[in-house]
Amino acid sequence: MTDLTDRLAAGEELSDDEWRFLIEGDYEKQLLFYRADEVRRQYYGTDVYIRGLIEISSYCRNDCLYCGIRRSNANISRYRLAEEEILACCKQGYELGFRTFVLQGGEDAHHTTAWVEEIVSHIKEKYSDCAVTLSLGERPREDYEIWYQAGADRYLLRHETASRSHYGKLHPQEQTYLRRMECLRNLREIGYQTGAGFMVGSPFQRTEELIADMRFLQEFRPHMVGIGPFIPHHDTPFAGYPAGSLQRTLIMVALSRLALPKALIPATTALGTIHPQGRELALKAGANVVMPNLSPVNVRGQYSLYDNKACTGQEAAEGLAALRESVVAAGYRVAVSRGDAVQTE
Ligand code: 5AD
């Protein structure tokens, strides 16, 4: 096993059988997590970077079969934040010590190119020492360019699954794998620090799909990788499918750290949702970012991607003091900085 992890960290390609062994083989997983943690410390020491997550709209024109805010879900009440509300979140976040703001939302037709551009400019004017990350889904290349010019630094767009046939089972026909990949390539070319990522344990996912995800990461080399367990949402076609497992998700976090030693990898909210120690365990398995919720408290419950999504306690920006303590207890420390990736490839 250590031979495989060394080869992975050296950037080598592995065979199907080798990947299969790492993902589902019978070996001591603590060793894998320990190796991932060693690699993480080599580049990032004990720093954990924090991002203030502002969920700017729960309207979405997409219909992803797994997601609670899909357009077909008529059972949720939707909200959209106004610019002043977003700026108020940033103000509060800045005071708390956040130096990255992540504007995340469904693909909301009301978000015009100019509207987002203006908000990005305003945030960068007011908080020039902060990074702005956008996570607003698939848009024309031109939009990405305009927002980059306005000062946006990073963009998160999970690839969801690197298997084209699997992608087709998780999304309606009009949402295509090729389009998603094209957007990711555009973002990278424009100059964004680009984040990809996938769910673990999504319906119809086999080990083969996870191998494809790992090979995609090795090839695309995103700056950031978001990995969380699939969690069913009761108002979706996947309501009856089981959630992804903690252990399998931690394995994928650790393997991603080994494959991309310099990546920014969040301990995701979904991991914190399926297990009380999920986030801390992810930090110990190679993750180095946490993204507490900085949205206005009254809308938090409405951004319901999946059931029981955590948004209180240490998942909340106001819970930062408690989060700091648990990060320290896990053996790390929360850094007050933009927390850029160490690489500039
Ligand atoms: N379970 C876990 N993660 C989900 N996401 C959406 N729905 C779910 C779910 N049911 C993730 C997707 C998306 C991100 C914003 O949230 O990976 O990219």
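An account of the accompanying structure is given in this report. (Residues numbered from 1 in each chain as written. Predicted model: local features only at pLDDT ≥ 70, side-chain atom pairs only at ≥ 80, totals over all residues. Heavy atoms only, no water.)

This part takes up the site of the ligand. Surveying the vicinity of the ligand reveals the residues Tyr-66, Cys-67, Arg-158, Glu-160, Met-199, Pro-229, Phe-230, Ile-231, Leu-305 and Tyr-306. Contact distances for the ligand include 2.6 Å between a nitrogen atom and a backbone N or O atom of Ile-231. Considering the ligand on its own, with 400 Å² of exposed area, one finds that the protein chains cover 87% of that surface. For the shell around the ligand, a count of residues per class yields eight nonpolar, no polar and two charged. (Near = heavy atom within 4 Å. Polar contact = N/O pair within 3.5 Å; in protein donor to acceptor, adjacent residues only side chain to side chain. Areas by Shrake-Rupley, 256 points an atom, 1.4 Å probe, with all protein chains shown as cover. Nonpolar A, V, L, I, M, F, W, Y, C, P; charged D, E, K, R; others polar.)

So, about helix α10 (residues 246-259). For α10, spanning 14 residues, the distance from its first C-alpha to its last is 20 Å, which sits close to the expected 20 Å at 1.5 Å a residue. Of all 14 residues in α10, twelve are buried, a share of seventy percent or more. The residue sitting at the N-terminus of α10 and contributing the capping side-chain oxygen is Ser-245; that oxygen lies 3.0 Å from the backbone nitrogen of Arg-248. (Helix = DSSP H or I, 4+ residues; strand = E, 2+ residues; numbered from the N terminus. Expected span 1.5 Å × (residues − 1). Buried < 20%, exposed > 50% of the residue type's maximum accessible area, 1.4 Å probe, protein only.)

Another point: the pattern of salt bridges. Counted by the stated rule, this structure contains 30 salt bridges. For the salt bridge of Glu-18 with Arg-7, the shortest nitrogen-to-oxygen distance reads 3.0 Å. Pair noted here: Glu-18 is in helix α2 (residues 16-24) and Arg-7 is in helix α1 (residues 2-9), with a separation of eleven residues, a long-range link. The closest approach of N and O atoms between Arg-333 and Asp-47, which form a salt bridge, is 2.9 Å. Taken together, the residues Arg-333 in strand β9 (residues 333-335) and Asp-47 in strand β1 (residues 47-50) connect sequence positions 286 residues apart. Its relative accessible area of 17% is what places Asp-47 among the buried residues. (Salt bridge = Lys/Arg side-chain N within 4 Å of Asp/Glu carboxyl O.)

Among the structural elements, Thr-269 can be located in helix α11 (residues 269-274). Linking Thr-269 and Gly-201, residues 68 residues apart in sequence, is a C-alpha distance of 16 Å. Setting aside its immediate chain neighbours within four residues, Thr-269 contacts Met-291, Tyr-306, Lys-309, Ala-310 and Glu-315. (Contact = heavy atoms within 4.5 Å.)

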